[in-house]
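The primary structure of each chain is shown beneath.
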Amino acid sequence: MSTITRWRRGTLAPFDWADLPLLPMLTPSIRIENYLEGDQYVIRAEVPGIDPVKDVRITFAGGELRLEVERKEVVHPDKIRSEFHYGSFFRAIPLPAGVVEKTIAARYVDGILEITAKVAEPTPAAKEIPVKVENGKKS
């Protein structure tokens, strides 16, 4: 929990960021961590309480990974309070240059979705085009 001190009516009081009503709109709905381990790029996403086969869609296009997750609410007639987030969540994750598309793989263990991909030497983005010189005289 993030706690800061805020001036309120002349006294100092603890203020919890999680109590802000706009906070869910300002933070990503799917929390991730990513790192490079040797030649493997690893993305780990917190997505507990889902069925990874039915509720997760991963696509790769335009140099980014698109992660879509649907978390369905289980209805409990005697529920008093819930701070869980339900619904559709989306995250676009730019991948480093040189990611080999055919090596992208995903696995789900204990509420963590792990996506890996091999990173090779990036192909040059620019290619120099030689200029052909011709004689300008016409016969």
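Note: the structure precedes this text.
Residues numbered from 1 in each chain as written. Predicted model: local features only at pLDDT ≥ 70, side-chain atom pairs only at ≥ 80, totals over all residues. Heavy atoms only, no water.

> Which parts of the structure should I look at to understand the sheet that holds strand 7 (residues 87-94)?
As a general point, the strands of a sheet are linked pairwise by backbone hydrogen bonds and lie either parallel or antiparallel. The strand order across the open sheet built from three strands is 5-6-7, with neighbouring strands paired in antiparallel fashion. The two strands at the open ends of the sheet, each matched to only one other strand, are strand 5 (56-61) and strand 7. Recorded for the sheet is a direction-independent mean angle of 15° between the axes of neighbouring strands. Bridge count for strand 6 (residues 64-71) against strand 7 is eight bridges, and the pairing is antiparallel. Opposite Arg71, over in strand 7, you have Gly87 as the bridge partner. (Pairing = 2+ DSSP bridges. Helix = DSSP H or I, 4+ residues; strand = E, 2+ residues; numbered from the N terminus. Axes fitted to C-alpha atoms, helices over the stretch in contact; angles between N-to-C directions.)

> Explain the packing of aromatic side chains to me, please; I cannot follow it from the model alone.
Between two aromatic rings, the relevant description is the distance of the centres plus the angle of the planes. What the rule picks out here adds up to one aromatic pair. Ring geometry for Phe84 against Tyr86: centres 6.4 Å apart, planes inclined by 50°, an arrangement best described as tilted. Residue classification places Phe84 among the exposed positions, given a relative accessible area of 62%. (Phe/Tyr/Trp six-rings, centres within 6.5 Å; stacked < 30°, edge-to-face > 60°. Buried < 20%, exposed > 50% of the residue type's maximum accessible area, 1.4 Å probe, protein only.)

> Explain the sheet that holds strand 3 (residues 32-37) here, please?
In space, the four strands of this open sheet follow the order 3-4-9-8, with antiparallel pairing throughout. Only two strands of the sheet have a single neighbouring strand rather than two, namely strand 3 and strand 8 (105-109). Averaged over all pairs of adjacent strands, the angle between their axes in this sheet comes to 20°, without regard to strand direction. In this sheet, strand 4 (residues 40-46) lies alongside strand 3 in antiparallel orientation, the contact comprising six bridges. Paired with Asn34 across the strands is Ile43, a residue of strand 4.

> Sorry, what's going on with the pairing of strand 8 here?
Consecutive residues of a regular strand have side chains that alternate between opposite faces of the sheet. Here five bridges tie strand 8 to strand 9 (residues 112-118), and the two strands are oriented antiparallel to one another. Within strand 9, the residue paired with Tyr108 across the bridge is Leu113. Two successive antiparallel strands, strand 8 and strand 9, enclose a turn made up of two residues, where Asp110 displays a positive phi of approximately 50°.

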